[in-house]
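So the chains spell out like this:
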Amino acid sequence: MAGGCSIRALWILNNHDVVVFSRRFPVVERRWRTACKSENESCSDENVGNNVLPLLPTDSELASAFVDRKMREGSARGFGIRVAQSAEGSDSWVDDPITRHIISLYVNKEDEGENHLLWPLILHIKGHYCILVLPLVEPRHLKAYARICKRPDCGNAVGMDESLSSLLLDLPSITGAFMVAHAVGDVVAGDTPEPEVVVNVSPSVGGLLDSLTGSIGISGRAKPAAAPVPASSTSSTALGGAVASDAPNSRPLDKDTLRNFISSSMPFGTPLDLNYSNISAIKLYGFASSDLPPADRKQPAWKPYIYKGKQRIIFTIHEAVNAAMYDRDEIPDVISISGQVNCRAELEGLPDVSFPMTGLDTARIEVLSFHPCAQVPEQGVDKQAVMFTPPLGNFVLMRYQALCGIGPPIKGFYQLSMVSENEGAFLFKLHLMERYKAPLTLEFCTVTMPFPRRRVVSFDGTPSVGTVSTTEHSVEWKIITSGRGISGKSIEATFPGTVKFAPWQTQRSISSGSVLGSLAGEDSDTEPEATNSLVNVEEFLLEKMNKDLQAVDLEEPFCWQAYDYAKVSFKIGGASLSGISIDPKSVSIFPAVKAPVEFSIQVTSGEYILWNTLGKCPSAATTKV
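Residues numbered from 1 in each chain as written. Predicted model: local features only at pLDDT ≥ 70, side-chain atom pairs only at ≥ 80, totals over all residues. Heavy atoms only, no water.

Asks: Before we go on, may I ask you to explain the packing of aromatic side chains in this structure?
Replies: Working definition: an aromatic ring pair is given by the centre-to-centre distance plus the angle between the planes. The full count for this structure, using the stated rule, is 14 aromatic pairs. Judged by centre distance (4.6 Å) and plane angle (15°), the ring pair of Tyr414 and Phe428 falls under stacked. One end of the pair, Tyr414, is in strand β13 (residues 410-420); the other, Phe428, is in strand β14 (residues 423-432), with 14 residues separating them in the sequence. Look at Tyr565 and Trp611: their rings are 5.6 Å apart centre to centre, the planes differ by 55°, and that puts the pair in the tilted class. (Phe/Tyr/Trp six-rings, centres within 6.5 Å; stacked < 30°, edge-to-face > 60°. Helix = DSSP H or I, 4+ residues; strand = E, 2+ residues; numbered from the N terminus.)

Here's what the structure looks like:
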C-alpha cells in the first residue's frame, strides 16, 4: 500500500484558521479502513492501537486540532526541535526540523471523548492559506511515529531501531503529497507560470506582446499547447458563500477552478498529472480523432495532448550569477552560476529531438540534472548528446550549477562606517567586466544600499559614472542604464559619499539574551488569550528586524538585515558565463520535419552581495583539501 501515492484528503485553511475548502477521496479512505481493520486484528498493543483514527475528522474537528497544535507548538510550523517547553507526544518532542513541514494533529472525537493521532499531514503555506494534505500510509507507520513522539531521548541517535528519517524513507507517498500540496497552492494563489523562453518575433504586433503570448501558448496555431488560464470568478457561486477575502491583499479562493483541477489531476485520490497547463488545455479543447498518436509510437505520460499548428523549437539558456564579495584576506569571495536550459518544442506528433550540448568541459559543472523526458546516451570531452521527446508547453530541459571561470563580472569592495549616530560615510570601488571580452555585453548594472531599519533623509556624493537616486530606506546607484551597455572593455567605477538618517525612534531595547524570554507576550501568531504559550522565534525576529532596532540589539548571526551590505543587479548578453551553448544547426528531429530552431541566452544577477568590509558579515567555513 505504501509503494505509490494516494491521497486520503486535503484541507485549505485561511489565516483565521477556518477550513474554506476540503476534499476527501472515499476510494482511498476505504483502503485505509480495511488496513486499520487488519492491523487491529493482528496487533494486541491496544495502547498504541487506540491512536489510529479509522475515520477522517470533520472540518470543524480538524480546524480545532490545528489551532490546538499552533498554541502548543508556538506557530503553524513550530520550532521543529525539542525545547524546554515541548510536551511529550508533540511534534517538537520528536526533535527533527522536518516536523515543520510534516506535522501531526490530535483530533478530539466528541462522541468518543478521546484524542486520535492524525499523521502524516503535509503542511504547505501559500499566501494567506495553509494547505494540509494527508497521504495514505499503513497503520504500522502511524504507530511507529506515535512511539517516536514518546521516546525520552532527543534527536535521532546512531543505531536506534526507529527514527523519523528512516520512517520517511520508507514512504514514497510523502514526496507525492508534497507535489500535490505545492500544485494546489499554486492554483489557489493563481501562481502557475511556465519557464520563460525568449521568442525571436517576426514582424507582427510587437516583441513584448508576442513573447508574452508565446510563453502562455496562444501564438498563431489551431490548438494551443498550453491554454491560457481562465479568469477567476468571484461570484457567490464560485466562492461557495464562504470567505471571499481573508485579508485586505489576499486573493479570493476560486473553488470551482480548484475542484476542476483536483478532479482532473488526481481522480479517485491518485495523482496522475499535476501540470496545470495540461489540465487547462484538455479541459478547454478536449480530444478529437486527429489527436491520436501514431500507431507505432507510445504516447508518454508527460504529453497527453498532441500539438497542432506551426512547428518550431525554442531554446533559452538562463543563468543567474550568485556571489558574496567580502574583500577580506581571511574570507574568500564566493561566486557560482545557477543555470537552466528552457525549451518549447511546438512539434506535431511524437518526434524525438537530439543535439550536442557544447562547452561542458569549460563550464566546470558541479551539479547536472535533466527532465524525465531526456536521455543522455553519450558523454564526450566537450559535448554531451541529449535526446528527448518534448512535452507540451515550456519546460526546463536541464538544470546545472557551475563555477565562473572568467571571474566575477563586478568585482570590488563596499565600505560603510557610522561617523555619528545618524550619519554614515561610504565608499565603493568597483571593476566592471574585467577580463570579459566580446560578445559578452553588460547591458545594465545597478548597486543598491538597503537600510531597512533606518529612514534615509539625504545623501552627499558624486559617483565617477552613472546616476544616484534615493528612496525612504535605500540609496540606488545606476552605473549603466539600459541601452548603454559596454562590451569588449572593462571600466572602473568609484562612489564616495555620506548618507544621513532620521533620528532613532524611542523604543524598548532588546538584548540577545532576552529574546526567547520575551517571546510569549509579543507573537502575532498566537491567540491573544494564550499568553503563556510558545511563539515562533523566526516571526518574532523578522518583525523586530523590520523596525528601527540597532544591529547591536539583535544578535541573529544568519540574518542579512543584521548587517550592512549592498546588492548588485545586472544583465549580461551575448553568451553564457559558464560556456554552455547550443548550436541551432546541430539540432535534429526524427521523423524529419522543417521546423526552425531559435536559441537565446540570458544572464542575470541572482543574490549578488557586496558585504561591508568594515562591518560584520556571515560566512560559511569550508574544508581545505
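Asks: Mind showing me how you'd approach the layout of surface pockets here?
Replies: Gaps between atoms show up when a probe of the same size as a water molecule is rolled over them. Approximately 1,200 Å³ is the volume attributed to the largest pocket. Along the wall of the largest pocket there are 35 residues; nearest its centre are Met179, Asp273, Leu274, Asn275 and His371. (1 Å grid on protein atoms, 1.4 Å probe; cavity = no way out; pocket = protein on both sides within 12 Å on 5 of 7 lines; lining within 4 Å. Points joined across faces, edges and corners; volume = space filled by probe spheres on them.)

Asks: Any chance you could explain the nonpolar core here in plain terms?
Replies: Nonpolar side chains tend to gather and get buried jointly when the protein is soluble and globular. Core analysis: the largest hydrophobic core is formed by 65 residues, its most contacted members being Phe315, Phe388 and Phe428. At six residues, strand β6 (residues 312-325) tops the list of elements feeding residues into this core. Once residues lying within four places of it in the same chain are set aside, the contact partners of Phe315 are Val341, Asn342, Cys343, Phe355, Phe388, Leu397, Ile582, Val587, Val597, Glu598, Phe599 and Ser600. Grouped together as the second largest cluster of nonpolar side chains are 45 residues, Cys36, Ala146, Leu164 and Leu253 included. (Core = buried A, V, L, I, M, F, W, Y, C linked by side-chain atoms within 4.5 Å. Buried < 20%, exposed > 50% of the residue type's maximum accessible area, 1.4 Å probe, protein only. Contact = heavy atoms within 4.5 Å.)

Asks: Whenever I open this one, the sheet that holds strand β20 (residues 491-501) confuses me. Can you help?
Replies: Either a parallel or an antiparallel arrangement is found when strands of a sheet pair, and the pairing is made through backbone hydrogen bonds. Here four strands make up an open sheet; going across it, the order is β13-β14-β20-β16 and the pairing antiparallel. One side of each edge strand has no neighbouring strand; the edge strands of this open sheet are β13 and β16 (456-460). Neighbour-to-neighbour, the strand axes of this sheet turn through a mean angle of 20°, independent of strand direction. One ladder, built from ten bridges, connects β13 with β14; its direction is antiparallel. Following the sheet pairing, Gln415 is matched in β14 by Leu427. (Pairing = 2+ DSSP bridges. Axes fitted to C-alpha atoms, helices over the stretch in contact; angles between N-to-C directions.)

Asks: Is there a simple way to explain unusual backbone geometry in this structure?
Replies: Glycine aside, negative phi is the norm for most residues, and most peptide bonds take the trans geometry. Backbone torsion omega between Ala438 and Pro439 reads 15°, so that peptide bond is classified as cis. Structurally, Pro439 can be placed in the loop between β14 and β15 (441-450). Residue Pro591 follows Phe590 across a cis peptide bond; omega there is -5°. As for its position among the elements, Pro591 is in the loop between β23 (588-590) and β24 (597-611). Within the chain, Asp327 stands out as a residue other than glycine whose phi angle is a positive 55°. Structurally, Asp327 is set in the loop between β6 and β7 (334-346). Even without a glycine there, the phi angle at Met433 is positive, about 60°.

Asks: Would you mind going over the sheet that holds strand β3 (residues 102-109) with me for this structure?
Replies: Spatially, five strands are ordered β2-β1-β5-β4-β3 in an open sheet, and the strand pairing comes out antiparallel. On the outer flanks of this sheet lie β2 (19-24) and β3, each paired with one strand and no other. Averaged over all pairs of adjacent strands, the angle between their axes in this sheet comes to 30°, without regard to strand direction. Bridge count between strand β4 (residues 114-126) and strand β5 (residues 129-135): five bridges; the pairing is antiparallel. Bridge pairing links Ile122 to Val133 in β5. Packing of helix α10 (residues 255-265) onto the sheet brings it into contact with β1 (7-13) and β2, and relative to β2 it is tilted by some 20°.

Asks: What is the right way to look at the pattern of salt bridges in this model?
Replies: It is possible for side chains of opposite charge to pair when their charged atoms get near one another. Here the structure, examined in full by the defined rule, presents twelve salt bridges. A salt bridge links Glu346 to Arg312, with the shortest nitrogen-to-oxygen separation between them at 2.8 Å. Of this pair, Glu346 sits in strand β7 while Arg312 sits in strand β6, and the two are 34 residues apart along the sequence. Relative accessible area serves as the criterion here: at 3%, Glu346 is assigned to the buried category. Two residues, Glu607 and Lys567, come together in a salt bridge whose shortest N-O distance is 3.4 Å. With Glu607 in strand β24 and Lys567 in strand β21 (residues 565-573), this residue pair connects regions lying 40 residues apart in the sequence. Take Lys567: its relative accessible area is 30%, and that puts it in the partly exposed class. Counted as one network, the salt bridges with shared partners bring together Glu138, Arg140 and Asp170. (Salt bridge = Lys/Arg side-chain N within 4 Å of Asp/Glu carboxyl O.)

Asks: I keep staring at the packing of helix α1 (residues 26-42) against helix α5 (residues 139-148) and nothing clicks. Help me out?
Replies: The relative placement of two packed helices comes down to the angle between their axes together with the axis-to-axis distance. At their nearest, the axes of α1 and α5 sit 9 Å apart, and the two run at 65° to each other. By the angle between their axes, α1 is roughly perpendicular relative to α5. Residues Trp32, Ala35, Cys36, Glu39 and Asn40 of α1 form the contact with α5, whose own contacting residues are Pro139, Arg140, Leu142 and Lys143. Looking at the contact of α1 with α5 residue by residue, the classes come out as five nonpolar, one polar and three charged. (Parallel < 35°, antiparallel > 145°, perpendicular 65-115°, else oblique. Nonpolar A, V, L, I, M, F, W, Y, C, P; charged D, E, K, R; others polar.)

Asks: What is the right way to look at the environment of Gly127 in this model?
Replies: Counting through the fold element by element, Gly127 comes out in the loop between β4 and β5. Take Gly127: its relative accessible area is 66%, and that puts it in the exposed class. Linking Gly127 and Ala189, residues 62 residues apart in sequence, is a C-alpha distance of 7.0 Å.

Asks: Quick question: what am I supposed to make of the packing of helix α7 (residues 173-189) against α10 here?
Replies: With their axes 10 Å apart at the nearest point, α7 and α10 run at an angle of 150° to one another. By the criterion of interaxial angle, the relationship of α7 to α10 is roughly antiparallel. Along this stretch, α7 crosses α10, giving a crossing that reads as right-handed. Each of Ala183, Val184, Val187 and Val188 in α7 lies in contact with α10, whose residues at this interface are Thr257, Leu258 and Phe261. Taken together, the residues of the contact of α7 with α10 break down into six nonpolar, one polar and no charged. (Left-handed = near helix turned anticlockwise from the far one by under 90°.)

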